[in-house]
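A closer look at the structure
Each chain is listed here by its residues.
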Amino acid sequence: AQTVTQSQPEMSVQEAETVTLSCTYDTSESDYYLFWYKQPPSRQMILVIRQEAYKQQNATENRFSVNFQKAAKSFSLKISDSQLGDAAMYFCAYRGSGSARQLTFGSGTQLTVLP
Amino acid sequence: DTGVSQDPRHKITKRGQNVTFRCDPISEHNRLYWYRQTLGQGPEFLTYFQNEAQLEKSRLLSDRFSAERPKGSFSTLEIQRTEQGDSAMYLCASRPGTGGLYGYTFGSGTRLTVV
């Protein structure tokens, strides 16, 4: 079974600075997808960025980018120019080739943005 | 269409009572998922529907849990004889198609408290 590990339960960053959230995963599959989701307090899960494993190029969405290291099974999220609205719980998620295509989530990293 | 709707947002019930939650997915999404999220953890997969067919169930889904998706539209999740360990946020997500990068849209969840 696939597992996703987020080793940083909490992180903080100064407004306008850059922060990197770590994620590692374990899988024997070669074809899969990785996601970062943001969950603000009492609000729904929102997709931040996604990456196809067969693509070597790291995904980028505005201030959000990933560092995907397939051999190391690492998928970190970098947030540049952090804003107060970025404060949330961030989850790394894996989607493999199983028939249901369900997501396997890590335990999350609580990001605090300091003014 | 405003996204995935879940009802109720909050439910407090006494141990031993039955509860039912509803999820209305995005209308053109034929895939529907239920997840359970306990405090401080990432969501865990419970079950998956493709149209009206329930195609996969996690071992987390004990005999006290049942889910339906009549006519492939809304879905219900029922928990019978609730236990304190059932206290959690129950999330519904939907998505279209079979491609890996099709986005999963999450609802805001139903928070269940069993007292």
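Attention in this report is confined to the structure presented alongside it. Just so we're clear, the structure is a prediction, and the values are computed from it rather than from any experiment.

Observations regarding the layout of surface pockets
Quantified by volume, the largest pocket comes out at close to 590 Å³. Forming the walls of the largest pocket are 25 residues, and the residues nearest its centre are Gln2(A), Gln102(A), Leu103(A), Thr104(A) and Phe45(B). A per-element tally of the lining of the largest pocket places strand 11 (residues 103-105) of chain A first, with three residues. Its residues assigned to classes, the lining of the largest pocket comprises eight nonpolar, 12 polar and five charged.

Quick word on the pairing of strand 10 (residues 88-95) of chain A
All names here are of chain A. Burial of strand 10 is extensive: eight of the eight residues sit out of reach of the surface. Across seven bridges, the pairing between strand 5 (residues 33-39) and strand 10 is antiparallel. Bridge pairing links Lys38 to Tyr90 in strand 10. As defined by bridge partners, strand 10 adjoins strand 12 (residues 109-114) across three bridges and the pair is classed as antiparallel. When the sheet's bridge partners are listed, Met89 is paired in strand 12 with Gln110. In the sheet, strand 10 pairs with strand 11 via three bridges, with the strands oriented antiparallel. For Tyr94, the partnering residue across the bridge sits in strand 11 and is Thr104.

Some details on the packing of aromatic side chains
Residue and element names in this part refer to chain B. One pass over the full model with this rule turns up 19 aromatic pairs over all chains. Between Phe65 and Tyr90, the ring centres sit 6.5 Å apart and the planes meet at 40 degrees, which makes this aromatic pair tilted. Here Phe65 is found in strand 7 (residues 65-68), whereas its partner Tyr90 is found in strand 9 (residues 88-95), with 25 residues between them in sequence. Here the two residues Phe65 and Tyr90 agree in accessibility, since each one is buried. Taking NZ or CZ as reference, Arg22 lies 3.9 Å from the ring centre of Phe74, over its face.

Notes on the interface of chain B and chain A
Of the residues lining the interface, 23 residues belong to chain B; the matching set on chain A comes to 19 residues. Summing both partners gives a buried area of about 1800 Å² for chain B against chain A, and 54% of it is carried by carbon and sulfur. At the boundary of chain B with chain A, the tally comes to three residue pairs in polar contact (both at pLDDT 80 or more). Those elements that place two or more of their residues in the side of chain B that touches chain A are strand 4 (31-37), strand 5 (44-50) and strand 9 of chain B. The biggest single contributor to the side of chain B that touches chain A is strand 4 of chain B, with three residues. Of the residues that constitute the side of chain B that touches chain A, the class distribution is 10 nonpolar, 10 polar and three charged.

Side note on the environment of Asp86(A)
All names here are of chain A. Considering the arrangement of structural elements, one finds Asp86 in the loop between strand 9 (74-79) and strand 10. Expressed as a C-alpha distance, the spacing of Asp86 and Leu111, which sit 25 residues apart in the sequence, is 7.7 Å. Residues within four places of Asp86 in sequence aside, it is in contact with Lys38, Arg63, Phe64, Ile79, Asp81, Leu111 and Val113.

Thresholds applied
Residues numbered from 1 in each chain as written. Chains lettered and ligands numbered in written order. Predicted model: local features only at pLDDT ≥ 70, side-chain atom pairs only at ≥ 80, totals over all residues. Heavy atoms only, no water. 1 Å grid on protein atoms, 1.4 Å probe; cavity = no way out; pocket = protein on both sides within 12 Å on 5 of 7 lines; lining within 4 Å. Points joined across faces, edges and corners; volume = space filled by probe spheres on them. Helix = DSSP H or I, 4+ residues; strand = E, 2+ residues; numbered from the N terminus. Nonpolar A, V, L, I, M, F, W, Y, C, P; charged D, E, K, R; others polar. Buried < 20%, exposed > 50% of the residue type's maximum accessible area, 1.4 Å probe, protein only. Pairing = 2+ DSSP bridges. Phe/Tyr/Trp six-rings, centres within 6.5 Å; stacked < 30°, edge-to-face > 60°. Lys NZ or Arg CZ within 6 Å of the ring centre and 35° of its normal. Contact = heavy atoms within 4.5 Å. Buried area = accessible area lost by both parts, 1.4 Å probe. Polar contact = N/O pair within 3.5 Å; in protein donor to acceptor, adjacent residues only side chain to side chain.

In short, shape yes, function no, at least from these values alone.
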